[in-house]
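Report on the structure
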Amino acid sequence: MSALIHHFVVHQLAVNQQQELTLVPRASCFDVSPEIESLAQQINHAFNTKPGKGVGAFASENAEIVSVSKEPSGNEGPSDSEEPQVLTPHPVSFKTLLADMQSEETDFVEFSIQASELLKKSLIDTGTLETGFVVFSHYQFLATDYLMIAIINTKEHVEINRDLELSSSDHLDLAKMQLAVRIDLTQLAVTAEQMRYISFIKGRMGRKVSDFFMHFIGCEELVDIKQQNKQLLTTVDAFLAAEQLDPEEKHQARETVSNYYKEKLELGEDIQIQELAAKLPSDHVSFEEFNQSAELPVEEQFQADRGVLKTLAKFSGQGGGISLSFERKLLGDRVSYDAGSDTLMIRGIPPNLKDQLLKSQS
């Protein structure tokens, strides 16, 4: 399913000879060509498939937007205090710039340049050095207007032509896109009170790199998407146990949940409890009613996390020098677990593992 591209422009954050972070702006939007349409859709798809996103809304005007701990440089000693650096809102907020663009007081290019300057200031304020191409994409997908802002770096690409000559060029490395925020402009206009119209990719490698993005946007995180998805799996397991389904019925129900997730991830749509409930068996109460009565109910609608698919398909774990993974449907068949003795019994060892075990005894 294709997206309708309204505006698409790219600026660059770079370090100059004085080692200062600078913005290199583009003077106009790209013409909406098939190549730009394809790139915008690839960025949207890359964003949808990223796990561990956060969801929220614009913070109140007087609220502190974000607090971060500034890492000491190599020349500094350990900090005497664990107090975080408190960042205050920008004099001109992103929310104001966005409103000016939507009311056509400024055009999209000018908005994107002003917003990029705001982003640069956030990087400096948080002591973060991040360079790359800043993409602003305004598009419509499934009757919803979105604004995507992402910092994307490049990767060298080597090509070979028909004469077997090599050449190299740089391309945007979408697979490693880690810094992006998407604003649901339709939801912001129609149901802003739900406070769920901003979503963003969270940290990487244990570092909260999303801090400066939240400061830049003026966003307050309200929903932990990863936690919502984990809680849904817990609620599904509890529901299937309450329905007293046999192992095969439980397996089929989990397959239903898995297929529903795959569909939503592919379309870039949210998980909706009411929709999912209609697909699950219910002899006593519906899954929606079961969720509402749970001690920790899952929100009625939230973004899908791709990591759920692996959890639905397999049991896995590691520790103490052991790493194990097997398909859920094998539990009670080829794999059995005795909780009393904390023993896992596997019947039918994989041939390559069996061969290694036999050789070790010879």
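This is a predicted model, so every value here is computed, not measured. Throughout this document, residue positions are counted from 1 along each chain, in the order its sequence is written. With the structure being a predicted model, the display of local features is reserved for residues of pLDDT at least 70 and the display and counting of side-chain atom pairs for 80 or more, all residues being used for whole-chain, interface and lining totals. Only hydrogens and water are set aside; all other atoms, that is, all heavy atoms of the structure, feed into the side-chain values.

A separate point is the overall build of the protein. Only DSSP runs of H or I with at least four residues qualify as helices, and only runs of E with at least two residues qualify as strands; both kinds are numbered from the N terminus onward. What the protein contains, in helices and strands, is 11 helices and 18 strands. Relative accessible area decides the class of each residue, using a 1.4 Å probe on protein chains only: under 20% of the type maximum gives buried, over 50% gives exposed, and in between gives partly exposed. Here the protein holds 362 residues, and the buried ones make up 38% of them. When contacts within the protein are restricted to residue pairs at least 6 apart in sequence, those whose partners lie at least 24 apart make up 63%. Using a 1.4 Å probe, accessible areas were evaluated by the Shrake-Rupley method; residue-level cover was limited to the displayed protein chains. Accessible surface, the protein: about 20900 Å² in total, of which carbon and sulfur atoms supply 49%. Between two residues, a contact is recorded if the distance between any of their heavy atoms is within 4.5 Å.

So, on to the sheet that holds strand S6 (residues 132-141). The sheet built from eight strands is open, its strands ordered S2-S1-S6-S7-S10-S11-S3-S12 with antiparallel pairing. One side of each edge strand has no neighbouring strand; the edge strands of this open sheet are strand S2 (21-24) and strand S12 (219-224). Put simply, the sheet's adjacent strands are angled 25 degrees from each other on average, direction ignored. DSSP calls a pair of strands paired once it identifies at least 2 bridges connecting them. Note that strand S7 (residues 144-152) and strand S10 (residues 179-184) share six bridges and pair antiparallel. Residue pairing in the sheet places Tyr-146 in a bridge with Asp-184 of S10. Geometry is summarised by axes, namely lines fitted to C-alpha atoms with helices restricted to the contacting stretch, and by angles between N-to-C directions that run from 0 to 180 degrees. Sheet contacts for helix H6 (residues 225-242): strand S3 (53-58) and S12; angle to S12, the most-contacted strand, approximately 15 degrees.

Aromatic pairing here means that ring centres of Phe, Tyr or Trp (its six-membered ring) are within 6.5 Å. Orientation follows from the plane angle: under 30 degrees is stacked, over 60 is edge-to-face, and everything else is tilted. Under the definition given, this model contains 11 aromatic pairs. Their ring planes at 55 degrees and their centres at 5.8 Å tell us that Phe-94 and Phe-111 sit as a pair that is tilted. Placement of Phe-94 in helix H2 (residues 94-102) and of Phe-111 in helix H3 (residues 108-125) is noted, with a sequence separation of 17 residues between them. Phe-111 shares its class with Phe-94; the two are buried. Cluster of aromatic residues (ring-pair linked, three or more members): Phe-58, Phe-94, Phe-108, Phe-111, Phe-136, Tyr-197 and Phe-216. A cation over a ring is seen here: Arg-182 above Tyr-146, with NZ or CZ 4.7 Å from the ring centre. Whether a charge lies above a ring is judged from NZ of Lys or CZ of Arg, which has to be within 6 Å of the ring centre and within 35 degrees of the ring normal. In this structure, Arg-328 is placed above the aromatic ring of Phe-315, and the distance from its NZ or CZ to the ring centre is 4.3 Å.

Moving on to the packing of H6 against helix H7 (residues 247-267). Here H6 crosses H7 at 150 degrees, and the two axes come no closer than 11 Å. Our classification of the angle between H6 and H7 gives roughly antiparallel. The handedness of the crossing between H6 and H7 is right-handed. The segment H6 lies against H7, with Asn-229, Leu-232, Val-236, Asp-237, Leu-240 and Ala-241 engaging Lys-250, Ala-253, Arg-254, Val-257 and Tyr-261. For the contact of H6 with H7, the class distribution of residues is seven nonpolar, one polar and three charged. For classification, angles of less than 35 degrees are called roughly parallel, those exceeding 145 degrees roughly antiparallel, those between 65 and 115 degrees roughly perpendicular, and all remaining angles oblique. For any helix crossing, the convention is left-handed if the near helix is rotated counterclockwise from the far helix by under a right angle, and right-handed if that rotation is clockwise. Three residue categories are used. Nonpolar comprises Ala, Val, Leu, Ile, Met, Phe, Trp, Tyr, Cys and Pro, charged comprises Asp, Glu, Lys and Arg, and polar comprises the others, including Gly.

Now for the nonpolar core. Throughout, nonpolar core names a set of buried Ala, Val, Leu, Ile, Met, Phe, Trp, Tyr and Cys residues whose side chains join them through atoms within 4.5 Å. In this structure, Phe-94, Leu-98, Phe-111 and Ile-183 are the most contacted members of the largest nonpolar core, which totals 35 residues. Among the elements that take part in this core, H3 stands out by supplying six residues, more than any other. Setting aside residues up to four positions removed in sequence, Phe-94 forms contacts with Phe-58, Phe-111, Ala-115, Leu-118, Leu-147, Ile-149, Ile-183, Phe-216 and Ile-217. With 27 residues, the next largest nonpolar core counts Ala-253, Ile-271, Ala-277 and Ala-304 among its residues.

Our focus in this paragraph is H7. A helix's residues, less one, multiplied by 1.5 Å, set its expected span. A rise of 1.5 Å per residue sets the reference length of H7, with its 21 residues, at 30 Å; its end C-alpha atoms lie 31 Å apart and thus fit the reference within 8%. Those residues of H7 lying buried are Ala-253, Arg-254, Val-257, Ser-258, Tyr-260, Tyr-261, Lys-264 and Leu-265. Projected down its long axis, H7 shows its buried positions confined to an angular sector of 160 degrees, all on one face. Of the surrounding secondary structure, the elements contacted by the buried residues of H7 are helix H1 (34-49), H6, strand S13 (270-272), helix H8 (273-279), strand S14 (301-303) and helix H10 (307-313). Between N or O atoms, a polar contact is any pair within 3.5 Å; within protein, one atom must be a potential hydrogen donor and the other a potential acceptor, and residues adjacent in sequence are included only when both atoms are from side chains. For H7, the N-terminal capping position is held by Asp-246, with its side-chain oxygen 3.1 Å away from the main-chain nitrogen of Glu-248. Taken from the helix axis, the directions to the C-beta atoms give the arc we talk about.

Here we take up the pattern of salt bridges. The term salt bridge refers to a pairing of a side-chain nitrogen on Lys or Arg with a carboxyl oxygen on Asp or Glu at a separation within 4 Å. Inspection of the entire model under this criterion finds eight salt bridges. In this structure, Asp-125 and Lys-121 form a salt bridge, with 2.9 Å as the shortest nitrogen-oxygen distance. Residue Asp-125 and its partner Lys-121 are located together in helix H3, separated by four residues, close to a single helical turn. For Asp-125, a relative accessible area of 23% puts it in the partly exposed group.

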